[in-house]
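Observations on chain architecture
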Amino acid sequence: QELSQKTENNELEWYTKALDYWKSSEASVNGVLGGFEDVSPGDLKETLEFMREAQREIAPFGSARCIDCGCGIGRVTAAVLVHLFDKIDLMEPCSNLMDKAKTDVPAGKIGEVRLESLQNFHPEPKSYDCIFIQWATLYLTDDDLIACWKRCQAGLKENGIIFLKENVTSSG
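Residues numbered from 1 in each chain as written. Predicted model: local features only at pLDDT ≥ 70, side-chain atom pairs only at ≥ 80, totals over all residues. Heavy atoms only, no water.

**Side note on the overall build of the protein**
Scanning the protein from N- to C-terminus turns up six helices and five strands. Along its sequence from the N terminus, the protein presents helices and strands in the succession α-α-α-β-α-β-α-β-β-α-β. The C-alpha radius of gyration computed for the protein amounts to 16 Å, which stays within 12% of the reference 16 Å derived for 172 residues, consistent with globular compactness. Expressed along its principal axes, the backbone C-alpha trace of the protein runs to roughly 45 × 35 × 35 Å. Taken across its 172 residues, the protein has 44% of its residues classed as buried. For the protein, the proportion of contacts with a sequence separation of at least 24, taken over those separated by at least 6, is 63%. (Helix = DSSP H or I, 4+ residues; strand = E, 2+ residues; numbered from the N terminus. Rg over C-alpha atoms; globule rule 2.2 N^0.38 Å. Buried < 20%, exposed > 50% of the residue type's maximum accessible area, 1.4 Å probe, protein only. Contact = heavy atoms within 4.5 Å.)

Printed below as a string of structure tokens:
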């Protein structure tokens, strides 16, 4: 949907449609990947390898605390982030998905649980070693993405990193 004439109403409609879609989705790998659950093992493997390499060779970020923004069912948290961080905060606007995440992520690894959307995320200054965002910024308006990015930067500890991963397509 295009937000060519930005108004409060069409911005609210933009966010409401996205939230309604995810609230009606099955709380499973197949549900959150839109029927493409076969991509999950490769995605998780490559994400973990990339993050380990980044930590070793590019940006030696700490391992104390991370937040998974738009964590969904905790797919990435449980398979990737638990291997890199002591505590992972979970942020997800849909309670049906968050409930699944809380059962799939080891309880000792879960920090704060935040039932909120990315456009409303205001991290405490200098609180995270990593802010992990995968397949979530596409739901933000341009202005909200820029504002969120600035807030995320302020939420990083020294040597902290924002890990942003999104899909791109050459058609459609």
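Now that the structure is up, let's keep going.
**Here we look at the pairing of strand β5 (residues 156–165)**
As paired elements, strand β4 (residues 128–134) and β5 share six bridges and run parallel to each other. Note on β5: the bridge partner recorded for Tyr128 is Leu156. As a crossover connection, the stretch from β4 through helix α6 (residues 142–154) into β5 is right-handed. (Pairing = 2+ DSSP bridges. Right-handed = clockwise from strand over helix to strand, strands pointing away.)

**So, the nonpolar core**
In terms of nonpolar packing, the biggest core is built from 24 residues, with Met51, Val80, Leu81, Phe85, Cys130 and Phe132 touching the most fellow members. Put simply, the parts of the chain that give this core at least two residues each are α3 (40–58), β2 (87–91), α5 (95–104), β4 and β5. The element that contributes the greatest number of residues to this core is α3, accounting for four residues. Those residues within four positions of Phe132 in sequence are excluded, and the remaining contacts are Thr47, Met51, Cys66, Ile67, Asp68, Cys69, Val76, Leu81 and Phe163. (Core = buried A, V, L, I, M, F, W, Y, C linked by side-chain atoms within 4.5 Å.)

**Re the layout of surface pockets**
Quantified by volume, the largest pocket comes out at close to 860 Å³. Sorting the residues of the lining of the largest pocket by element identifies α1 (8–23), β1 (65–69), α4 (75–79) and β4 as the ones contributing at least two each. Residue contributions to the lining of the largest pocket peak at seven residues, all from α1. Grouping the constituent residues of the lining of the largest pocket by class yields 24 nonpolar, eight polar and four charged. (1 Å grid on protein atoms, 1.4 Å probe; cavity = no way out; pocket = protein on both sides within 12 Å on 5 of 7 lines; lining within 4 Å. Points joined across faces, edges and corners; volume = space filled by probe spheres on them. Nonpolar A, V, L, I, M, F, W, Y, C, P; charged D, E, K, R; others polar.)

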